[in-house]
Amino acid sequence: MDTLAYILIVVGAVVGIAIGFGIGFAYRKKVAEREIGSAEAEATRLINEAIRSGENRKKEMLLEAKDEIHKSRTEYEKEVKERRAELSKSERRLEQKEISLDKKTENLERKEEELAKKLAAVAETQAQAEEVKSAQIAMLEKISGLTQEQAKSFLLKTVEDAVRHETAMKVKEIEQQMKEEADEKAREILSIAIQRCAADHAAEATVSVVALPNDEMKGRIIGREGRNIRTLETITGVDLIIDDTPEAITVSSFDPVRREIARLALEKLIADGRIHPTRIEDMVEKARKEVERTIREEGERACYETGVHNLNPELVKILGRQKYRTSYGQNVLNHSMEVAHIAGLMAAELGLDVALAKRAGLLHDLGKSIDHEVEGSHVQLGADLARKYKENPVVVNAIEAHHGDVEAKYVISVLVQAADAVSAARPGARRENVENYIRRLQKLEELTGSYPGVEKAFAIQAGREVRIMVKPEVVSEDNMILLARDVAKKIEAELEYPGQIKINVIRETKAVEYAK
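Note that the structure is a prediction, hence the values are computed from the model and not measured.

Q: Can you help me understand the overall build of the chain in this one?
A: Counting secondary structure elements, the chain contains 14 helices and 8 strands. Counting every position in the chain, which comprises 516 residues, the buried fraction comes to 29%. Long-range pairs, those at least 24 residues apart, make up 61% of the contacts in the chain with a sequence separation of at least 6. For the chain, the accessible area works out to roughly 35200 Å², and carbon and sulfur atoms hold 54% of it.

Structure below.
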């Protein structure tokens, strides 16, 4: 831009000068010449000054460049010197490492030679040892009269016997320890529950006896050509036994509710004195309503006394029917209430849900109320009823598992099992008829006497204990423990029995000699 402006100015000046020159050439010639001369002198002066200034600047820059070159050369020489020193140190270190490596290589070669010599010596010694071993084995076989395989079998059998003995002793020790701890805790809980739940027991039968005011009443009950007794038996579904027993009639039926209805109806007829088929029907209907009311009241009483609330009304009625149901002579309703109390007490000791435990205990034998009318075991019937009326799954499992038919999934189910066994095992709580009792003892003796090595087996203590006499030459002391365990498991799997059975295995060795 400065150059262009300058050119424009110069052109303008030239044009102006040309114009002015054309107008007043003569007048300005001298002035122009003088000014041109002055400008040339000034320009020469400026050029000279610029040349001198450039020369000075050139000298200064040369001096600065020389200084910079000198400084760089000094630094480079210093750096080279330092690098040479480091290189010298590295070379010395490499030389030292090379010397050390040579020494190590020599040592390694020397050790390899020594190792090769030792390996050769070991191989030679091993060969000598094998020869000595073979000679010793041959000598031992000659002395013992056994081959190597026979000796090995003998040792293995010895070790096996020792291990079997130790295993049996360990099993016995662990079982004893666990049994002592579990028994102590169980006895504590059960004793507390039993002490706090005292109940009376009375054995019941399948017959009811109705007292008569006199023996003439027997004929009136029989009626003309037996129509009265036939009507009563047909309506109630029971058997009336009229024999030589003075002033008494026996009502017999396996259905306790029917038997109770017949007993009440018969008592009402005797009190009323009017005995004929129409009156019998009326009295039976009244007795049936009275029994139904009693059933409902007994169910409500059981719920109130055990503290079980919000039970379905139909379940209350079914529960009340247990008043007229017996099991081995034990009243089922009283048994269920006692199981509820015992299960609740044990649940309280263990910190569980007491209300749920009582509910499960009260309903555990629910199926016995209808097992005379519906096919199936009382366990399955009770579980089906509990499911039908939307009972808690814990209650359902307790009902299903209280006889071991299914696995107990909850602690409360196990407590109901224990409470059921405690209630059934009380002295006088239950009774069996003689045929079933003898059959159970015979089955127990047959089962325990079927094991190899068992000489005799005796069921004692009313079937609460079985004593097994074993042959000492067949059953060792260690195998006695295993035999007792096997017998216990087989009894649990194949027999039905109240309470528990003690298995007592006895092994006796005698040596008899006569002095003559």
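Q: For this particular structure, what's the right way to read the sheet that holds strand β8 (residues 502–507)?
A: The strands making up a sheet are joined through hydrogen bonds of the backbone, oriented either antiparallel or parallel. With mixed pairing, 3 strands are arranged side by side in an open sheet as β6-β7-β8. Single-partner strands in this sheet number two, and they are β6 (454–460) and β8. Sheet twist, expressed as the average angle between the axes of neighbouring strands with direction ignored, equals 20 degrees. Looking at chain direction, strand β7 (residues 465–470) and β8 are connected through 6 bridges and run parallel. Opposite R467, over in β8, you have N504 as the bridge partner. Along the sheet, helix α14 (residues 477–494) contacts β6, β7 and β8; its crossing angle with β8, the most-contacted strand, is approximately 150 degrees.

Q: Looking at this structure, how should I read the side chain of N397?
A: Along the chain, the position of N397 falls in helix α11 (residues 393–401). Residue class for N397 comes out buried when judged on its relative accessible area of 6%. Setting aside residues up to four positions removed in sequence, N397 forms contacts with V406, E407, A408, K409, Y410 and S413.

Q: Help me out: how do you make sense of the layout of surface pockets in this one?
A: Rolled over the atoms, a probe as big as a water molecule pinpoints where empty space is left. Its boundaries defined by the atoms lining it, the second largest pocket holds a volume of some 340 Å³. As for the second largest pocket, its lining consists of 17 residues, of which V257, I261, E292, I295 and R321 are closest to the centre. Counting residues per element, the ones that place at least two in the lining of the second largest pocket are α4 (227–236), α5 (256–272), α6 (277–306) and α7 (313–320). Counting residues per element, the lining of the second largest pocket draws most heavily on α6, which supplies 6 residues.

Q: So what exactly am I meant to see when it comes to the pairing of β7 here?
A: Looking down a regular strand, the side chains alternate between one sheet face and the other. Both β6 and β7 contribute to a ladder of 6 bridges, which runs antiparallel. Paired with F458 across the two strands is R467, which belongs to β7.

Q: How should I be thinking about a negative patch on the surface in this particular structure?
A: Together, E91, E95, E98, D102, E106, E109, E112, E113 and E114 give the surface a local cluster of negative charge. Position of E106 among the secondary structure elements: in helix α1 (residues 2–144).

Q: I would appreciate a short explanation of the nonpolar core in the present structure.
A: For soluble globular proteins, the rule of thumb is that nonpolar side chains tend to be buried together. Counting 38 residues, the largest nonpolar core has L311, L319, L362, L363, L366 and I412 as its most contacted members. Within the residue set of this core, elements represented by two or more residues are α6, α7, α8 (332–350), α9 (354–363), α10 (378–388), α11 and α12 (411–425). Here the element with the most residues in this core is α8; it accounts for 8 residues. Excluding anything up to four places from it in sequence, L366 contacts L315, I318, L319, Q322, G382 and L385.

Q: Honestly, a positive patch on the surface in this entry has me stumped. Any pointers?
A: Taken together, the side chains of K89, R92, R93 and K97 present a region of like positive charge at the surface. Looking at the secondary structure, you find K89 in helix α1.

Q: Help me understand α11, please; the structure alone is not making it clear to me.
A: A large share of α11 lies buried, amounting to 8 of its 9 residues. For α11, the set of buried residues is V394, V395, V396, N397, A398, I399, E400 and A401.

Q: Honestly, α14 in this entry has me stumped. Any pointers?
A: Residues spaced three or four apart along an α-helix face the same direction, because each turn holds 3.6 residues. Across its 18 residues, α14 extends 26 Å between first and last C-alpha, which sits within 8% of the 26 Å expected from 1.5 Å per residue. The set of residues buried in α14 consists of D478, M480, I481, L483, V487 and I491.

Q: What should I look at first to understand the environment of A419 in this one?
A: Residue position: A419 is located in helix α12. Accessibility expressed as a relative area gives 0% for A419, which makes it buried. With 80 residues separating them in the primary sequence, A419 and V339 have C-alpha atoms 5.1 Å apart. If we ignore the near neighbours within four places in the chain, the residues touching A419 are V339, I342, A343 and M346.

Q: Would you explain empty space enclosed by the protein in this entry?
A: Summed over the entire model, instances satisfying the criterion amount to 1 cavity of 30 Å³ or more. Put simply, the largest cavity is a space of about 70 Å³.

Q: I keep staring at unusual backbone geometry and nothing clicks. Help me out?
A: With the exception of glycine, most residues fall at negative phi, and the peptide bonds are largely trans. Backbone geometry places E225, a non-glycine residue, at a positive phi of 55 degrees. E225 gets classed as exposed once you look at its relative accessible area, which sits at 70%. Non-glycine residue N310 carries a positive phi angle of around 60 degrees. With respect to the element layout, N310 can be found in the loop between α6 and α7.

About the cut-offs
- Residues numbered from 1 in each chain as written.
- Predicted model: local features only at pLDDT ≥ 70, side-chain atom pairs only at ≥ 80, totals over all residues.
- Heavy atoms only, no water.
- Helix = DSSP H or I, 4+ residues; strand = E, 2+ residues; numbered from the N terminus.
- Buried < 20%, exposed > 50% of the residue type's maximum accessible area, 1.4 Å probe, protein only.
- Contact = heavy atoms within 4.5 Å.
- Areas by Shrake-Rupley, 256 points an atom, 1.4 Å probe, with all protein chains shown as cover.
- Pairing = 2+ DSSP bridges.
- Axes fitted to C-alpha atoms, helices over the stretch in contact; angles between N-to-C directions.
- 1 Å grid on protein atoms, 1.4 Å probe; cavity = no way out; pocket = protein on both sides within 12 Å on 5 of 7 lines; lining within 4 Å.
- Points joined across faces, edges and corners; volume = space filled by probe spheres on them.
- Patch = residues over 30% accessible without salt bridge, like charges linked within 9 Å, V, L, I, M, F, W, Y side chains within 5 Å.
- Salt bridge = Lys/Arg side-chain N within 4 Å of Asp/Glu carboxyl O.
- Lys, Arg positive; Asp, Glu negative; His and termini not counted.
- Charge placed at Lys NZ, Arg CZ, Asp CG, Glu CD.
- Core = buried A, V, L, I, M, F, W, Y, C linked by side-chain atoms within 4.5 Å.
- Expected span 1.5 Å × (residues − 1).

Fair warning: the whole summary comes from geometry, so function is off the table for now.
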